[in-house]
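Chain by chain, the residues run as shown.
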Amino acid sequence: MRALCWQDVNDLRVQSVPDPEIVNPRDVVLRVTMTTPCGSDLHFIDGYLPTMREGDVIGHEFMGEVVETGRKVEAVSAGDRVVVPSFIGCGSCGYCRDDLWSLCDNTNPNAELQEPILGDTTAGIYGYTHAFGGYAGSHAEYVRVPHADENCFHVPDELEAEQALFASDAWATGYMGADFCDIRDGDTVAVWGCGGVGLMAQHSAALMGAERVIGIDRFPERLRAARNEAGSETIDYTAVDSVVDTLKEMTGGRGPDACIDAVGMEAHGTGIEHAYDRAKQSLRLHTDRGTALRQAIRACKKGGTLSILGVYGLLDKFPMGVVMNKGITVRTAQQHGQRYVPDLLEYAAEGELDPSYLATHERSLEEGPAAYELFKHKKDGCIRPVLTP
Ligand SMILES: [Zn+2]
Ligand SMILES: [Zn+2]
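Now for a description of the structure that goes with this document. (Residues numbered from 1 in each chain as written. Chains lettered and ligands numbered in written order. Predicted model: local features only at pLDDT ≥ 70, side-chain atom pairs only at ≥ 80, totals over all residues. Heavy atoms only, no water.)

## Details of the overall build of the protein
Scanning the protein for helices and strands turns up 14 helices and 18 strands. Taken over the C-alpha trace, the protein has a radius of gyration of 20 Å; the compact-globule value for 389 residues is 21 Å, and the two agree within 12%. Across its three principal axes, the protein shows a C-alpha extent of roughly 60 × 50 × 45 Å. For the protein, with 389 residues in total, the buried portion stands at 58%. Sequence-distant contacts, at least 24 apart, represent 72% of the contacts inside the protein between residues at least 6 apart. A total accessible area of about 15400 Å² is found for the protein, and carbon and sulfur atoms account for 44% of it. (Helix = DSSP H or I, 4+ residues; strand = E, 2+ residues; numbered from the N terminus. Rg over C-alpha atoms; globule rule 2.2 N^0.38 Å. Buried < 20%, exposed > 50% of the residue type's maximum accessible area, 1.4 Å probe, protein only. Contact = heavy atoms within 4.5 Å. Areas by Shrake-Rupley, 256 points an atom, 1.4 Å probe, with all protein chains shown as cover.)

In structure tokens form, the structure reads like this:
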């Protein structure tokens, strides 16, 4: 089959690779019908996230049609149209049973690569380094999905592909970030970042009853999407002296009740030691990306919530004293998609939230490297390109 593969830093190529096969009796193989790059993919493309190998198939947000099932799969059959969360759950460990799916104990076979860094292991993820399991990704004609009964979710017939695809990750992550904020009527929620996850966090916060949602970014088309699609107010951070002061002014001096960081600090990735040093050399990235989190901490109301969705590794100058003295609750996780996807598909089917506006460019798999360029450099108003293998 054809697949989009990582070759080296800033070198992606479409090439022929072996077709995936059923390895375990609970696996299925999907024909991928739509898949999208994620901001977190840029970390290893830019070389900040180690343990990628030449020829690795990338991509972790996807949907498709089941073409082959292992003999112990019960919940899905050949021909079913399903969407799959990016983190792989087993469904039976304590973490999965507690709905903390990205912490699954059983789906990352490469524990020895993660433990020195995290002191623990996360779930596996498709197409996202060997430290995260080394699974082949979804930017391909076919992909193997382990533990299919837990990881495949039927897409209602009435939904278009673009309406279901983002439940795989961008929407589930954004929704989780808003869920972490325990939003009450009258709350104001500020969201750093108006990419796919940031827009979905804003849109979900509004759905959960936030009275005001404020999106922060610098790209005009993203700020426009925040206003027009998610119903947010917006701050262009290049147009104000201080984002923190602006937020305080907008909220009667108190600050937002909850702040969501949907930016992250690319430079630090999941940091195997030398990645940290490399990151320190990239001072521009370091200061750019750390700024969002520090602003969120300073802007947040006393006693408020900080919800962190951005990907971080080792972080310098985290103002823990501000967090502590202001009594801020910090909540964060990689996405627990399996917990949210059924609700998201229902929202989409009922027309309460249509995430398809994230898909600004549709491209073939062969056009994958060019689509990543468009995405990485946010050219041509790109929020998310979608690939249709
Ligand atoms: Zn993602
Ligand atoms: Zn598990």
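## As for the coordination of the zinc ion (ligand 2)
Looking at the zinc ion (ligand 2), one finds its protein donor set to be C90 (SG), C93 (SG), C96 (SG) and C104 (SG), positioned 2.3 to 2.4 Å from the metal centre. One can describe the donor arrangement at the zinc ion (ligand 2) as tetrahedral, given that its four donor atoms subtend angles of 102 to 117° at the metal. For the zinc ion (ligand 2), the donor residues sit on a single chain with the sequence spacing C-x2-C-x2-C-x7-C. No difference in accessibility class separates C93 from C96, as the two residues are buried. (Donors = N, O, S within 2.8 Å, 3.2 Å for Na, K, Ca; no water. Tetrahedral: all angles 85-135°; square planar, octahedral: opposite > 155°, others 65-115°.)

## Some remarks on the environment of V263
Tracing the chain through its elements places V263 in the loop between β14 (258–261) and α10 (273–281). Since its relative accessible area comes to 31%, V263 is described here as partly exposed. Between the C-alpha atom of V263 and that of V189, which follows or precedes it by 74 residues, the distance is 15 Å.

## Observations regarding the packing of helix α6 (residues 170–179) against helix α13 (residues 337–349)
As a packed pair, α6 and α13 sit with axes 9 Å apart at the nearest point and diverge in direction by 100°. By the angle between their axes, α6 is roughly perpendicular relative to α13. Across the interface between the two elements, W171, A172, Y175, M176 and D179 of α6 pack against G337, R339, Y340, L344, Y347 and A348 of α13. Its residues placed into classes, the contact of α6 with α13 shows eight nonpolar, one polar and two charged. (Axes fitted to C-alpha atoms, helices over the stretch in contact; angles between N-to-C directions. Parallel < 35°, antiparallel > 145°, perpendicular 65-115°, else oblique. Nonpolar A, V, L, I, M, F, W, Y, C, P; charged D, E, K, R; others polar.)

## A short note on the nonpolar core
Among the nonpolar cores identified, the biggest contains 48 residues, and M63, W171, V189, L199, L345 and L358 are the most heavily contacted of them. Of all the elements in the fold, those that place two or more residues in this core are α5 (161–165), α6, β11 (188–192), α7 (196–207), α8 (220–228), β14 and α13. Ranked by the residues each element gives to this core, the list is headed by α6, at six residues. In contact with W171, other than residues within four places in its own chain, are Q163, F166, M200, S204, L344, Y347, A348, L353 and P355. (Core = buried A, V, L, I, M, F, W, Y, C linked by side-chain atoms within 4.5 Å.)

## Some points on the coordination of the zinc ion (ligand 1)
Around the zinc ion (ligand 1), the donor atoms from the protein are C38 (SG), H60 (NE2), E61 (OE) and D169 (OD), and they sit 2.1 to 2.5 Å away. Bound by four donor atoms, the zinc ion (ligand 1) shows angles of 87 to 162° at the metal and therefore irregular coordination geometry. Between consecutive donors of the zinc ion (ligand 1), the numbers of intervening residues give the motif C-x21-H-E-x107-D. Here C38, found in the loop between β3 (28–36) and α1 (41–45), pairs with H60, found in the loop between β4 (56–57) and β5 (61–69); they are 22 residues apart in sequence, far enough to count as distant.

## Looking at α13
Between the first and last C-alpha of α13 there are 18 Å, a value that for 13 residues agrees with the 18 Å anticipated at 1.5 Å per step. G337, Q338, Y340, V341, L344, L345 and A348 are the residues of α13 that are buried. Of the residues flanking the end of α13, it is G351, one or two places downstream, whose phi is positive at about 75°. (Expected span 1.5 Å × (residues − 1).)

## Topic: helix α9 (residues 243–250)
Among the residues of α9, those classed as buried are V243, V244, T246 and L247. Burial along α9 is one-sided: seen end-on, the buried residues are contained in an arc of 165°. The distance from a side-chain oxygen at the start of α9 to the backbone nitrogen of V244 is 3.4 Å, and the residue carrying that oxygen is S242. In the stretch just after α9, G252 is the one whose phi turns positive, near 60°. (Arc of directions from axis to C-beta. Polar contact = N/O pair within 3.5 Å; in protein donor to acceptor, adjacent residues only side chain to side chain.)

## Re unusual backbone geometry
Even without being glycine, D99 reaches a positive phi, approximately 65°. For D99, the position within the fold is in the loop between α2 (94–97) and α3 (111–118). Phi at D182 is positive, roughly 40°, even though this residue is not glycine. Accessibility expressed as a relative area gives 54% for D182, which makes it exposed.

## A closer look at the packing of α6 against α7
α7 packs onto α6 with a crossing angle of 50° between their chain directions and a minimal axis gap of 7 Å. Taken together, α6 and α7 sit at an angle that is classed as oblique. The handedness of the crossing between α6 and α7 is right-handed. Residues A170, W171, T173, G174, Y175 and A178 of α6 touch α7, and the partners they reach there are G196, V197, M200, A201, S204, A205 and L207. A per-class count over the contact of α6 with α7 returns nine nonpolar, four polar and no charged. (Left-handed = near helix turned anticlockwise from the far one by under 90°.)

## Considering the sheet that holds strand β12 (residues 212–217)
Strands sit in the order β13-β12-β11-β14-β15-β16 across an open sheet of six strands; the sheet is parallel. Since the sheet does not close on itself, it has two edges, and those belong to β13 (233–236) and β16 (329–332), each with one partner. In this sheet, neighbouring strand axes are inclined to one another by 20° on average, regardless of whether the strands run parallel or antiparallel. Relative to β16, strand β15 (residues 305–308) runs parallel, the two sharing four bridges. Paired with S307 across the two strands is R331, which belongs to β16. Strands β11, β12 and β13 of the sheet are contacted by α9, whose axis makes an angle of about 165° with β12. (Pairing = 2+ DSSP bridges.)

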